[in-house]
Amino acid sequence: MTDANTRPLRDAFGYLCPLDTRWSDNDLYGHVNNVTYYSYFDSTINRYLIEQGGLDIHQGDVIAYVVSSGCEYFEAAAYPESLAVGMRVDKLGNSSVRYGLAVFGAEGAAKALGHVVHVFVNRESGRPVPIPEPLRKALEKLA
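Quick notes on the rules
- Residues numbered from 1 in each chain as written.
- Predicted model: local features only at pLDDT ≥ 70, side-chain atom pairs only at ≥ 80, totals over all residues.
- Heavy atoms only, no water.
- Helix = DSSP H or I, 4+ residues; strand = E, 2+ residues; numbered from the N terminus.
- Expected span 1.5 Å × (residues − 1).
- Buried < 20%, exposed > 50% of the residue type's maximum accessible area, 1.4 Å probe, protein only.
- Contact = heavy atoms within 4.5 Å.
- Core = buried A, V, L, I, M, F, W, Y, C linked by side-chain atoms within 4.5 Å.
- Salt bridge = Lys/Arg side-chain N within 4 Å of Asp/Glu carboxyl O.

Draft legend 1. Expanded view of helix H1 (residues 34–53). Helix length check: H1 (20 residues) gives 29 Å between terminal C-alpha atoms against 28 Å at 1.5 Å per residue, within 8%. Within the span of H1, buried status applies to Thr36, Tyr37, Tyr40, Phe41, Thr44, Ile45, Tyr48, Leu49 and Gly53. Among the structural elements, strand S1 (15–20), strand S2 (62–73), strand S3 (82–92), strand S4 (96–104), strand S5 (112–122) and helix H2 (133–140) are those in contact with the buried residues of H1. Where H1 terminates, the next one or two residues include Gly54, which has phi positive at roughly 75°.

Structure representation (structure tokens):
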């Protein structure tokens, strides 16, 4: 596990998405359930791709599949807590991208650090395609 001195800070991420926890995010232990962090990551990524890259999740010819993900947890979050999810691009390929993501509370270093790999595919065939130029430009801003 990473110690508090090596946990990333907000300035390591080019995009920050505010997020309010919901009552349903907590589990029986009284903190945000581990799997919920993946939902936070997915929502942050897609919000950025839609708003900054013009991704059309309903009608577009190109969509993105998650092919890999992981998360390290450092400190619990719990409802009611306002969070922010930081996002950066760790690797940008021809048809894939690896995002670095972190969950932050009101202060301090990341509560969790994760990654997600997207492969962009043709909606009809499900086959990989080059990342469309508007999306690539948006992703390059975070690389």
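Draft legend 2. Here's a closer look at the nonpolar core. Judged by nonpolar contacts, the single largest core of 30 residues is most densely connected at Leu49, Met87, Tyr99, Leu101, Phe120 and Leu139. Only S1, H1, S2, S3, S4, S5 and H2 provide two or more residues apiece to this core. The element best represented in this core is H1, accounting for six residues.

Draft legend 3. Structural view of unusual backbone geometry. Cis rather than trans, the peptide bond between Tyr79 and Pro80 has omega equal to -5°. With respect to the helices and strands, Pro80 occurs in the loop between S2 and S3.

Draft legend 4. The pattern of salt bridges, seen in detail. If you walk through the whole model with that rule in mind, you get six salt bridges. A salt bridge links Lys111 to Glu81; the nearest nitrogen and oxygen atoms lie 3.3 Å apart. Pair noted here: Lys111 is in the loop between S4 and S5 and Glu81 is in the loop between S2 and S3, with a separation of 30 residues, a long-range link. Taking relative accessible area as the criterion, Lys111 reaches 6% and is therefore assigned buried. The salt bridge partner of Asp90 is Arg88, with a shortest N-O separation of 2.9 Å. By relative accessible area, which is 40% here, Asp90 ends up partly exposed. Assessed through its relative accessible area of 22%, Arg88 is described here as partly exposed.

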